[in-house]
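Inside the fold
Chain residues, written in single-letter form:
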Amino acid sequence: MVVDISKMEEGMDRNIKKEKKKKKKRELDREQEIENLVEKTQKHLDSNRKIKKRKDPDPEESSPEKKAKFSIKLNTENKASEKDEDTSDGIKSKLEPLNKGKGPKIIVAKEDKKEEDESTMSKRKLKAIKRQQEGRIHETKGMNKALEYLHNWKNARDTWKFEKCRQNWLLSHAYDQNKIKESDFCVLLEYITSIRGGMREATRSSALKESGKEVGKSEKSRASRILQ
């Protein structure tokens, strides 16, 4: 008996293909069943949640009292008087019903007004005060040195030495009675007559400007005396 091998091989190939197709179909059917099961389970869970929510509503939503969503601080001045204490206690008693149960609370904050000292001042403010104090000290030192320079010119000409910065200070503050008193101004007039050159002209032009300004009588008087 002669067996056709080629036909046998073809028959085997067909059988293998059929088995593969069947296996693939079974796998697809199983995946579809799993997806359907997951979908049904999810729907069942969602429905259970809705039913539970209807039976047990949120206590915050069902509460008749309206609760604040945010914590609010009411700043009140503490004046250390019985009236203010009673007012604060009254506010607290009114807020007690709102602070019951869960949720944010309403807080009444008290603030004591106290004078600012170095411990409570900001660093920037302290620096500004320090600079102001240093400026005053520096200005006082400059004034004292300038007046000493003028007195030395008058009384100790042998040891006196010219200092431009002292001269500039005297000329720029010549109209200020608070810094140069009358007796010192008389000495300054003598000093101005000794000045020569461009500085003398600058001093006269400054006096002209000062006399034309809307200033007090004392300033105008000093300016006219410088121009004489």
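To be clear, the structure that these remarks concern was listed above.
Here is what the cut-offs are and how they apply
Residues numbered from 1 in each chain as written. Predicted model: local features only at pLDDT ≥ 70, side-chain atom pairs only at ≥ 80, totals over all residues. Heavy atoms only, no water. Axes fitted to C-alpha atoms, helices over the stretch in contact; angles between N-to-C directions. Helix = DSSP H or I, 4+ residues; strand = E, 2+ residues; numbered from the N terminus. Parallel < 35°, antiparallel > 145°, perpendicular 65-115°, else oblique. Left-handed = near helix turned anticlockwise from the far one by under 90°. Contact = heavy atoms within 4.5 Å. Nonpolar A, V, L, I, M, F, W, Y, C, P; charged D, E, K, R; others polar. Phe/Tyr/Trp six-rings, centres within 6.5 Å; stacked < 30°, edge-to-face > 60°. Buried < 20%, exposed > 50% of the residue type's maximum accessible area, 1.4 Å probe, protein only. Lys NZ or Arg CZ within 6 Å of the ring centre and 35° of its normal.

Where helix α6 (residues 182-194) meets helix α8 (residues 217-227), the closest approach of the two axes is 10 Å, and the angle between their N-to-C directions is 30°. Relative to α8, α6 is oriented roughly parallel. Two packed elements cross with a definite hand, and for α6 against α8 that hand is right-handed. In this structure, α6 uses E182, F185, C186, L189 and I192 to contact α8, whose residues at the interface are R222, R225 and I226. Its residues assigned to classes, the contact of α6 with α8 comprises five nonpolar, no polar and three charged.

Now for the packing of aromatic side chains. What the rule picks out here adds up to three aromatic pairs. Taking the centre distance of 5.5 Å and the plane angle of 45° together, the rings of Y149 and W160 count as tilted. Here W160 lies in the loop between α4 (123-155) and α5 (164-172) and Y149 lies in helix α4, a separation of 11 residues in the sequence. A relative accessible area of 22% places W160 in the partly exposed class. Note on W153 and Y191: the rings are 5.3 Å apart at their centroids and 85° apart in plane angle, and the pair reads as edge-to-face. With a gap of 38 residues between them, W153 in helix α4 and Y191 in helix α6 connect regions that are remote in the sequence. An aromatic cluster is built from Y149, W153, W160 and Y191, whose rings are joined through pairwise contacts. The ring of W153 carries R157 above its face, with NZ or CZ at 4.1 Å from the centroid. The ring of F185 has R222 lying over it, and the distance from NZ or CZ to the ring centre is 4.4 Å.

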